[in-house]
Amino acid sequence: MPILVPPAEQYADSFLAAVREAQLTGSGLGDTLSADPAELERDFPAFLAHLRRFEPPAVPPVGFVNSEYLWLVDGETYLGRVSIRHTLNARLREFGGHIGYEIRPSMRRRGYATLALRLALERARALGLTRVLVTCDVDNVGSRRVIEVNGGELEGEFRVPNYEKEIRRYWITLA
Ligand SMILES: CC(C)(COP(=O)(O)OP(=O)(O)OC[C@H]1O[C@@H](n2cnc3c(N)ncnc32)[C@H](O)[C@@H]1OP(=O)(O)O)[C@@H](O)C(=O)NCCC(=O)NCCS
């Protein structure tokens, strides 16, 4: 059964393969698409430190909030990742929300994003959150399904500044 774990060096090879997959297919979130595989190979610990830079007790720069990345892994295989924002700022309240996720291209359509969000919600609850905002593009059918299966209640469809697509905002109440 896959689990969420903090990013760690033991998954480096698998993570690198996933980054290459995303870049070959052009499908992934921005940080995956912009990662430099050569740089990751050269200094993976530096990349791990970069991923963890907004974790408490770090004080994020203005415009950012405390957050964490967790990787969905099965054994040594990297399947995907979630990011959990511990609080919202004005921009995240509008677009981005508390939780983001992606599954590597070769592992999609197997229920992993549904599982990853479920596990991320457990983590959010442990962090003390009681109501979680998750947003997605209106045309991201898979992500909509992932959120709805996990109990997302639609707030509505919106246009936001500096983003070309219409988005949906969902709220998930944590029992
Ligand atoms: C969106 C994404 C996370 C879905 O991951 P996934 O692991 O394939 O999702 P799941 O397998 O859990 O699928 C959940 C449901 O969505 C459906 N689904 C998934 N991708 C779909 C697609 N491209 N088109 C239509 N339905 C899709 C699945 O069939 C499943 O439906 P079901 O519950 O009726 O069986 C993945 O495609 C991805 O990483 N995309 C790029 C990054 C991204 O968009 N992240 C989300 C930002 S909000």
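What you are looking at is a predicted structure, and each value in this text was computed from that prediction instead of being measured.

What counts as what
Residues numbered from 1 in each chain as written. Predicted model: local features only at pLDDT ≥ 70, side-chain atom pairs only at ≥ 80, totals over all residues. Heavy atoms only, no water. Helix = DSSP H or I, 4+ residues; strand = E, 2+ residues; numbered from the N terminus. Rg over C-alpha atoms; globule rule 2.2 N^0.38 Å. Contact = heavy atoms within 4.5 Å. Areas by Shrake-Rupley, 256 points an atom, 1.4 Å probe, with all protein chains shown as cover. Near = heavy atom within 4 Å. Polar contact = N/O pair within 3.5 Å; in protein donor to acceptor, adjacent residues only side chain to side chain. Nonpolar A, V, L, I, M, F, W, Y, C, P; charged D, E, K, R; others polar. UniProt positions renumbered as here; feature names shortened; annotations may be inferred. Salt bridge = Lys/Arg side-chain N within 4 Å of Asp/Glu carboxyl O. Buried < 20%, exposed > 50% of the residue type's maximum accessible area, 1.4 Å probe, protein only. Phe/Tyr/Trp six-rings, centres within 6.5 Å; stacked < 30°, edge-to-face > 60°. Lys NZ or Arg CZ within 6 Å of the ring centre and 35° of its normal.

## Focus on the overall build of the protein
Then step 1. Within the protein, the secondary structure is distributed over seven helices and seven strands.
Then step 2. Traced from its N-terminal end to its C-terminal end, the protein shows the element sequence β-α-α-α-α-β-β-α-β-α-β-α-β-β.
Then step 3. Expected size for 175 residues packed as a compact globule is a radius of gyration near 16 Å; at 16 Å, the protein falls within 12% of this value.
Then step 4. Along the first, second and third principal axes, the C-alpha atoms of the protein reach 45 × 35 × 35 Å.
Then step 5. Contacts in the protein between residues far apart in sequence, at least 24 positions, make up 59% of those at least 6 positions apart.
Then step 6. Taken as a whole, the protein presents about 9,200 Å² of accessible surface, with 53% of it coming from carbon and sulfur.

## So, the environment of valine 134
Then step 1. Structurally, the position occupied by valine 134 is in strand 5 (residues 131–137).
Then step 2. Discounting chain neighbours no more than four positions away, the residues touching valine 134 are Ile99, Tyr101, Ile147, Arg168, Arg169, Tyr170 and Ile172.

## Focus on the site of the ligand
Then step 1. Taken together, 19 residues lie around the ligand, and Tyr101, Arg109, Gly111, Thr114 and Arg145 are the ones closest in.
Then step 2. Here an oxygen atom of the ligand sits 2.7 Å away from a polar atom, N or O, in the main chain of arginine 109.
Then step 3. At 3.1 Å, a backbone N or O of alanine 113 approaches an oxygen atom of the ligand.
Then step 4. Computed on the free molecule, the ligand has an accessible area of 920 Å², of which 71% lies beneath the protein chains in the complex.
Then step 5. Of all the elements in the fold, those that place two or more residues in the shell around the ligand are strand 4 (99–103), helix 6 (112–126), strand 5 and helix 7 (141–149).
Then step 6. Broken down by element, the shell around the ligand gets its largest block of residues, five residues, from helix 7.
Then step 7. Residue composition of the shell around the ligand, by class: eight nonpolar, six polar and five charged.

## With respect to the UniProt feature "domain: N-acetyltransferase" (unreviewed entry) in the protein
Then step 1. Sites flagged by UniProt as "domain: N-acetyltransferase" (unreviewed entry) map to residues 17–175.
Then step 2. Taken end to end, residues 17–175 comprises 36% helix and 26% strand; its first and last C-alpha atoms sit 37 Å apart.

## As for the pattern of salt bridges
Then step 1. Overall, the coordinates contain 15 salt bridges when judged by the stated rule.
Then step 2. Its salt-bridge partner being glutamate 41, residue arginine 20 comes within 3.6 Å of it at the nearest N-O pair. Of this pair, arginine 20 sits in helix 1 (residues 12–25) while glutamate 41 sits in helix 3 (residues 37–42); the two residues are 21 residues apart in sequence, bridging distant segments of the chain.
Then step 3. Among the residues examined, arginine 20 registers a relative accessible area of 36% and is labelled partly exposed.

## Thoughts on the packing of aromatic side chains
Then step 1. Applying the stated rule across the entire model yields 10 aromatic pairs.
Then step 2. Aromatic side chains phenylalanine 15 and phenylalanine 44 sit 6.1 Å apart centroid to centroid with 65° between the ring planes, which places their arrangement in the edge-to-face category. Of this pair, phenylalanine 15 sits in helix 1 while phenylalanine 44 sits in helix 4 (residues 44–51), and the two are 29 residues apart along the sequence. Comparing phenylalanine 15 with phenylalanine 44 shows no difference in burial state: the two are buried.
Then step 3. Clustering of aromatic rings is evident, with ring pairs tying together Tyr11, Phe15, Phe44, Phe47, Trp71 and Tyr78.
Then step 4. The ring centre of phenylalanine 54 lies 4.4 Å from the NZ or CZ of arginine 53, which sits over that ring.
Then step 5. Positioned over the ring face of phenylalanine 158 is arginine 169, at 3.8 Å from the centre of the ring.

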